Each structure stands twice: as structure tokens, then as C-alpha cells.
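Working through the structure, step by step
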Protein chains: 2
Amino acid sequence: MRLVIIGGVAAGSKAAAKARRVNADLEIIIYQQEAEVSYSACGEPYVISGIIADSQQLLIRTPSDFAQDRIQVFTEHRVETIDHVNKQLVVQDLKTRHCFTSIYDRLIIATGARPIIPTINGTNLTGALVLRSWTDLQTFRHTITDLKPRSALIIGAGYISLELAEALTKLNISTTIAARGQRLLSAFDADMAALVLTHLQENSVSFRFNTQVAELIGHQQRVTGVTTTEGEFIAADLVIFAIGIQANVELAKQAGITLGKTGAIQVDARMATNLSDIYAAGDCCETRNRITGMASWQPLGDTANLQGRVAGENAAGGDAYFQGSFGTSILKVFDFNIAMTGLPEHAAKQHGFTPLSVTVTAMDKARYYPNAHSSQLKLIANSNGRLLGAQAVGKGASDKLIDIAATALLGNLSCADLEYADFAYSPPFSPVLSPISVAAGVLASRIKQQT
Amino acid sequence: MRLVIIGGVAAGSKAAAKARRVNADLEIIIYQQEAEVSYSACGEPYVISGIIADSQQLLIRTPSDFAQDRIQVFTEHRVETIDHVNKQLVVQDLKTRHCFTSIYDRLIIATGARPIIPTINGTNLTGALVLRSWTDLQTFRHTITDLKPRSALIIGAGYISLELAEALTKLNISTTIAARGQRLLSAFDADMAALVLTHLQENSVSFRFNTQVAELIGHQQRVTGVTTTEGEFIAADLVIFAIGIQANVELAKQAGITLGKTGAIQVDARMATNLSDIYAAGDCCETRNRITGMASWQPLGDTANLQGRVAGENAAGGDAYFQGSFGTSILKVFDFNIAMTGLPEHAAKQHGFTPLSVTVTAMDKARYYPNAHSSQLKLIANSNGRLLGAQAVGKGASDKLIDIAATALLGNLSCADLEYADFAYSPPFSPVLSPISVAAGVLASRIKQQT
């Protein structure tokens, strides 16, 4: 039996590895459009900043590593069409431009996503950049080396925008973030996002909200800035598009695979598409939000890995299920650790919950222990006490707080449960009562008083 | 209504604060034997080592802080007897030796625990020490200043022993740990404890297992060493008893309060004793192990705080429940973070489970991110997949791993649940798949194969 996997970054390479473990006899082939497979795209901003010295460190497995598991990797090969009736692919070798036919018994689509570039003038100027693929990373680095930019304008105010703002600031590039909306990090509640804004401003990042770029302006093929829809010119040596990403679904759509409401590929819990023997995993497909039960799109590295594992197991003849995600995510920006899980308060309201919330100062050590830091921890619960979400922002252990909350969501726990959770206490690690317990206790008392 | 609390360190002071919040009209009195109330005993080893410069930093609330909440604190007052029929106490003012009668409507016993000192010769020599109370801490510090010891023998190989071994080593005091048993940290499985042993040895701490001290030897009232039951002399300028602690239950026992099998005060989930209107909380009383359902004794600071909160709420007329604990605990020793929750494998077997376990290397960041550290993470599950416990030992984020596991225990989660948990991933915080998911996945696969 022959398994073909289209795409070999996160979901694709994980699917291949899992399929091999489940089925030793399977023939496994990966077609990967880029020159590299199995790299950590999430590490790219740290290569830009120089925190990671060499982009090669982001490579997880090489084609020869895969070969040791009898997984054939064809890099610089693009699948052009899927014929699901005859279980055939047309594949182009991008080096030779030669096209050939490849058959499959099982197929996994892991084509990922790509940055959205607005259809405006000037996006092809030198100095207009995106950061997502391996190729993007190399272009980004060479552009900085060649242009020696002194200023950058980042369009968009999400995760990659903020991470790049830090990276560029560390390179002494004066950085401005321009966003169409009124604030950054729309996945977070406004009160928590405001803390992040202040921290970025304290680290010399400038912001322009309610700003829409009309076109990029250049001189001798090199970007010099942008004009806004208001007619203002903003000078910048680099213009970076970080307004969002879109799923690579064209191949799937052409093959007759159903897309979901989010625009990404629709899959069931076994990661199967509507077409027989075709699975999808990673950023090209949907997931299910485990709180709302609704389809959502969660294009994150860890989700891609988990989905890849399930798709790989099922395609290899196993039986695994991906129940969905809680939308847990995290980013580091300067000294702030910024994380969330579940629903923010505004989304909880939109989904028909009647949320309560509390925000507490969460120390990561006993108050008197050296180098204690704090985050602001916001817990959001439904009026019946069930935890709905959590957000943590600050220099403290936001990652730990949010992973506790994510586990609590998985266990469908209430604030009354969490108030008396048994966390690990010793002065170097926590206050005597975990901030999670303290915040949950406040909400539990409030709910008790209401009933 | 008048609430009297006997003991004002962790449970007692928390109970007072909670009682005040629940009932603004209550008269609240704390009788505390020592000169200080409301201090962090868990911080004491760090005062010894000098990590915390001033022991005053460990004071959480002073009597005048309590007074602001209309809580009267009588320090250096010892309750001598409880007359539960007439709801009267006999209290001695230790400064004047004057005894008086005090009445109560509700009583909370929070008398804590004390170090076990073996009944052998020489325990009253200068240089023979324990560390638990505020008074112990002052004596310990003055003894080190006065004696300028160059060597120390710590008897016992539990948490306080290991923390003190680090503290004394940092003071350039050559430190040996002597234990009756064959290994350290009996609450952990032997394989995990062995990692801790190696780390301590690498940091110049010596060990003598299977060693029982027969008596302390001194010269001019100053300790010079010990002899073992095998007749060997071990020289030491300090001898520290860290073989364990015992609950202070004499007062309760005299009053007719039922003690449990563990020897500590028996309480129900409302922290009520068998005698009407008398509650107990903290190290003097039992808790319930939430996995085995059996009474256990968990004399830890965070448990004391949670129990104190429940006792305070109920004594003040509220209705709160403490469901018990999972035995979660943590300590830092040199560069190692050592934590556990739930049942170790050996205890799981004793309680009739058929446990499976796996140990994985748990990085706390992406492999390529600077300053990534690792812990060994051991997960223990029942044959039906339910998580039973976890242990983490190493330089990595053991605290985070164990708090995730403790939350999973609270949610009664299985390995199959945890395999697909949605944790916060970004390279500065975690590998792409959390070590918890990886370890749970291994166990889930093993269980799947067996069935």
C-alpha cells in the first residue's frame, strides 16, 4: 500500500513518521514544494533577531533522516492535480519542470498556508517582505543584509507582527506597526491586549491603528514607504506584510474536496476529507473548537503536529481521533510572555455564554524569592462556574498558568474545582496559593453569591 | 460570636482572614505560641543559604496587620487545655506565665507539627539543630554565626534535608546526609530519586545510607559528631535532625478530639473534628488522598492554606468543602527542580492499581532555543489509561509539568485525553509537542495495544 503526503513541514512530516510507526510495510512518499522539509517555521523570528545564530538549527529532519525510516522525500516537487477517481497525482519536478504521474492508495494533504498579500501596487518592490516559509526566511535575511534598513513598517498586529517587531528592534531597525483595526492581538480581550501594547511601546515600537495601506512607494525598485488610504506617506526601508495567512486549498478544491465555512479543508475527527482515502492535516484544514463545538481554523504548529499524527495513523490503517482544540497559543515579545486558551470574554458572549471574569496579579515565585516576576492572569468562566478561558500577560510564568488552564478546559473543570486544586508549591516556583486557585476562588465566590 | 484560633502560622492565619471576609461581625482571636505569626516556614532554607538576606522578609502579616481586619493576635500565648463542654480554654501568657480562661463559640485548631528528634544522647548539645519554627530559624542562624562550622551531618533524606544540604554547601560547609533507609526522597520512585542523588553528589554532598545514629558526641557542650549503631564515629560540627515531623496533637487529644490512623487530627471535608464547633486545619490534621480516597497526612504549606480557608469559612458560618489533595509537592535542590503529584508507581501497586509508566526527556523550550533545559518526566497511569501520577526531575520546567499533571488528576483525565491536550507552544516555552502529550501518547499506545 502506498501513502502519498503532499507537503512535508509540520503536519506532513509528522504524518509520515506516525504512519511508519503504525505500519512497517507501507510505502511512504512526501512531495514537498520547497527545498527543505521538516523545519520549525515558529523559530524563524529568532533567526531574524539573531537569537538563533544559524537557520540550519531550525531543520528537524533531513530527507536522508526520513530515508532511514524508508520514507521517500521529493523536495522541490509540486503536486499539480489530484485525480481521486483514478487515485493519481500529476507532480512537477520544479528543478527540471518535468511532470509525471504518481499513484496513491492513501493521500494526506498537508499543503499549509501562506501569508496574505493585499492586491495593491508595489508589493513586488525589494524590501517588501513576508515571513512564513523557508524561502521567505532566506529572502528576509538577505534583504536585511543587502539593504541595511534603518526603519521598518509592519502591516498587521498579530503574533508574527509582534515577534518581528521585537526581532527588528533588536537589530536597531526603528519599527512601526500599522493596523487597520483599533488594537493589537484580536484573539485576546482588549484589557489584556492593552498591556501588551504598553510593553511594546516601552520597547520603542511605534503603532498606528485605524491605518490602511493604499500602496507601496519605491525608488529604483526599492521600497521607500507606503501611502495610506488617508493620503499620508509613511517612510520605511522595509514593509512587512503580517496581516494574516490563508490556507493553501486550491489543489484540494480543484480535486473536489469540500471546504468548510472557514475556507480551510473540512475534515472529520479522523482527519478524513469528503473524498475516500484522502486525509488532510495542518494549516490547510479546519479543526473543531472544543468549547463551542464549531469548526474553527487554528493554524498553529502544535495543532498541525497533532493532526498530522492522527492523519498518519488513520491513513496507515490505524484508528485515531483528533477531538479539536481550545485555541491555546503563546508568544514571547521582549520581556513579556503572552498566552491564552479557550474563549476570550468577548467571544464567549458572542457564543451565547454569560461570562464572568477576574484578573489577578500572578507571581511566579514567592514574593520574597529573588527574581520573582508577575503576569496579569485573567480567568473567564460561565455563569454556571465552568471555566471558559484564560489569558496571561507579563514577565511571569504565563506559559505555566495557561497550560494549567488548558488542562482544566480539557477536564471540563469549574472554578470551584480549581479553587482547591493541588498545585506544586515551594518558594522558588509559586506563591503558596497558585494564582489559578486564587482567581478561580474569586469567581467561585462570586458565582456562589449570585445563586 | 467569638472565633478562637489556636496557632497563627499558615492555616491559622488563613482561617482568620477568610473568617473575617465571610463574617464581618465575628470576634476573631488568634493565640500563637511563638513571638511571630504568619510567616513562610518554607522560605527558611533560603534564609540559611543567604539567598534571602533577611528573615524578616518571610513575615507575611504582623499582628498590627491583623488588627486592621479586627483580628486580635496574642503572640507568646499557649493554649494549655480545651474544655469543649463549657467551650473554654486555659491560656498561658508565656511572657508573664500568667494563666487565664478564654471562651469560644467556634474553635479552630491549627497547632502545626514539629520536627521529630530521636530519643538518644546528645540532642541538647550546641550544634544539634532542627529547622521548622521561627525560633528554630533564629537558633540555626546564630549557631552558624557562632560556631563557624566546617562540616555538617544531616540526618534524614527528605525535602528539608536536601534543601538544607544545598544551603549549607553554599556556605562552604562540607555536608553529609545520613539516612536509615537505602535511598533519598521515599515519596518518589527509586529511578527518579536516583537522579536527584547523582545531582547532589555532583554538588559535593556526601551520602551514607543504611546508617542509624546511636548518639551525638560532644566536647564542652558542643557537638563534635555522632556514633552510628555500627559503632562508627562520624565527625561533624553541626548535626541536623531532618528525619521527619510529627503533628502537634497533644492538646486536641487531651480535649477528646479523635485522631486518625495517621496520628493527625481526623476531620471531615468541612474541616470539622468530632467535637461540635471545633475545626482543625493545617499540619496538625489529616487530609484525604483524592486518588485512593484514604486518609493521608500532607503537612505542606499550600494544603495548610487551603484547609485554613475552608475551616475559616465554615467556622464563620459559611459552607465550604476541602476534597483532599493529590500529594503534589516540589523542591529545588541546586540546579534541579524536583516535583511530583499523585501516586508514585510503587504506591500505586500497593493500592491495588496495575500501573504502567514511561519516562521521557522533557525539554522546556524548543531544542534549538537558547538555554533550553530538560527534566526527566515520568508519567504513571492505571491499566485503564487513567493518569495516576507524575514525577519530574531535572533542570527543566518540572513545576509546569507537574502542575499540568495535577490539573489532569483533578479532571480525572486519561492518557488518551492528555495525548491530544492543547498546550501553549512557541519555541521559547516548549517543544512543539508538550512532553506531557508525548509521554501520555506512549502510554495510550501501549494500553491500546494491550486491549
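Quick note: structure is the one above.
Let us look at the structure shown here. Values in this document were obtained by computation on a predicted structure and should not be read as measured data.

A short note on unusual backbone geometry
Positive phi is not limited to glycine here, since R70(A) has a value of about 55 degrees. Within the secondary structure, R70(A) is located in the loop between α3 (63-68) and β3 (71-75). A positive phi angle is found at N172(B), which is not glycine, with a value near 60 degrees. Judged by relative accessible area, N172(B) falls into the exposed class, the value being 70%.

Brief notes about the interface of chain A and chain B
At the interface, 67 residues of chain A touch 67 residues of chain B. Between chain A and chain B, roughly 5600 Å² of surface is buried when both sides are summed, and carbon and sulfur atoms account for 60% of that area. Summed over the three residues of chain A that lose the most area to chain B, namely Y368(A), Y420(A) and D422(A), the buried surface amounts to 15% of that side. On the surface where chain A and chain B come into contact, there are eight salt bridges.

Here we look at the sheet that holds strand β6 (residues 98-103) of chain B
Whenever strands of a sheet pair, they do so through backbone hydrogen bonds, lying parallel or antiparallel. All names here are of chain B. Reading across from one edge, β4-β5-β6 is the order of the three strands in this open sheet, with antiparallel pairing throughout. The two strands at the open ends of the sheet, each matched to only one other strand, are β4 (77-83) and β6. Here the strands of the sheet are splayed against their neighbours by 25 degrees on average, with no regard to which way each runs.

Considering helix α4 (residues 134-147) of chain A
Residues and elements named next belong to chain A. Compared with the 20 Å implied by 1.5 Å per residue over 14 residues, the 20 Å span of α4 between its first and last C-alpha is a close match. The complete set of buried residues in α4 reads W134, D136, L137, Q138, F140, T143, I144 and L147. Check the buried side of α4 and you find it contacts α2 (44-49), β8 (113-115), β9 (128-129), α5 (159-170), β14 (222-228) and β16 (238-241). Of the residues trailing α4, K148 is marked for its positive phi of about 45 degrees.

Concerning the relation of the copies chain A and chain B
Each copy superposes on the other: chain A lies on chain B with an RMSD of 0.0 Å after a rotation of 180 degrees and an axial shift of 0.0 Å. Those values place the two copies in the arrangement expected of a two-fold rotation axis. Among all residues of chain A, the minimum C-alpha distance to the rotation axis is found for G411(A), at 2.2 Å. Here 100% of the interface residues in chain A have copies in chain B that are interface residues too; the copies meet face to matching face.

Let's talk about the sheet that holds strand β7 (residues 106-109) of chain A
Residues and elements named next belong to chain A. Strand order in the open sheet formed by five strands is β3-β2-β1-β7-β18, with parallel pairing between adjacent strands. Because the sheet does not close on itself, it has two edges, and the strands there are β3 and β18 (278-280). Across this sheet, the average inter-strand angle for adjacent strands is 20 degrees, counted without regard to direction. Across four bridges, strand β1 (residues 2-6) lies against β7 in parallel orientation. Its bridge partner being in β7, I6 is matched across the sheet by I109. The strands touched by helix α1 (residues 11-22) within the sheet are β1, β2 (27-32), β3 and β7, with β2 carrying the most contacts at an inclination of about 175 degrees. Lying on the sheet, helix α8 (residues 301-315) is in contact with β1, β7 and β18; it crosses β7 at an angle near 170 degrees.

Re the pattern of salt bridges
Residues and elements named next belong to chain B. According to the stated counting rule, one finds 40 salt bridges over all chains in the structure shown. Across the salt bridge formed by D189 and K378, the nearest N and O atoms sit 3.0 Å from each other. With D189 in the loop between β11 (174-178) and α6 (190-202) and K378 in strand β24 (residues 374-381), the pair connects residues that are 189 residues apart, well separated along the chain. Overall, D189 belongs to the buried group, its relative accessible area being 4%. Residue classification places K378 among the buried residues on the basis of a relative accessible area of 2%. Across the pair E345 and K378 runs a salt bridge, and its minimum N-O distance is 2.9 Å. Of this pair, E345 sits in helix α9 (residues 345-350) while K378 is found in strand β24, placing the two residues 33 residues apart along the sequence.

Things to note about the packing of helix α10 (residues 398-410) of chain A against helix α10 (residues 398-410) of chain B
At a minimum axis separation of 8 Å, α10(A) and α10(B) run at an interaxial angle of 20 degrees. With respect to α10(B), the element α10(A) is oriented roughly parallel. The hand of the α10(A)/α10(B) crossing is right-handed. Each of D399(A), K400(A), D403(A), I404(A), T407(A) and A408(A) in α10(A) lies in contact with α10(B), whose residues at this interface are D399(B), K400(B), D403(B), I404(B), T407(B) and A408(B). Class assignment of the residues belonging to the contact of α10(A) with α10(B) gives a composition of four nonpolar, two polar and six charged.

Conventions and cut-offs
Within every chain, residues take consecutive numbers counted from 1 along the sequence as written. Here the convention is simple: chains get letters from A, ligands get numbers from 1, in the order in which they are written. Per-residue local features are limited, in this predicted model, to residues with pLDDT of at least 70; the limit for side-chain atom pairs, both in listing and counting, is 80 or more; totals at the level of whole chains, interfaces and linings are taken over all residues. The basis for every side-chain value is the complete set of heavy atoms in the structure, and neither hydrogens nor water enter the calculation. Helical segments are the DSSP runs of H or I of at least four residues, strand segments are the runs of E of at least two, and each set is numbered from the N terminus. Burial classes follow relative accessibility: with a 1.4 Å probe on protein chains only, a residue under 20% of its type's maximum area counts as buried, one over 50% as exposed, and anything between as partly exposed. Contacts are residue-level and defined by heavy atoms, with any inter-residue pair within 4.5 Å sufficient. The term buried area means the drop in 1.4 Å probe accessible area that two parts suffer when joined, counted for both and summed. The term salt bridge refers to a side-chain nitrogen of Lys or Arg lying within 4 Å of a carboxyl oxygen of Asp or Glu. Only when DSSP finds a minimum of two bridges between them are two strands counted as paired. Inter-axis angles, ranging from 0 to 180 degrees, are taken between N-to-C directions of lines fitted to C-alpha atoms, where helices are fitted over the stretch in contact. Every helix has an expected span of 1.5 Å times one less than the residues it contains. The copies were overlaid with a least-squares fit restricted to C-alpha atoms from residues scoring a pLDDT of at least 70 in each copy. Our angle categories are set so that under 35 degrees counts as roughly parallel, over 145 as roughly antiparallel, 65 to 115 as roughly perpendicular, and the remainder as oblique. With the far helix as reference, a near helix turned anticlockwise by less than a right angle produces a left-handed crossing, and one turned clockwise produces a right-handed crossing. The classification used treats Ala, Val, Leu, Ile, Met, Phe, Trp, Tyr, Cys and Pro as nonpolar, Asp, Glu, Lys and Arg as charged, and all other residues, Gly among them, as polar.

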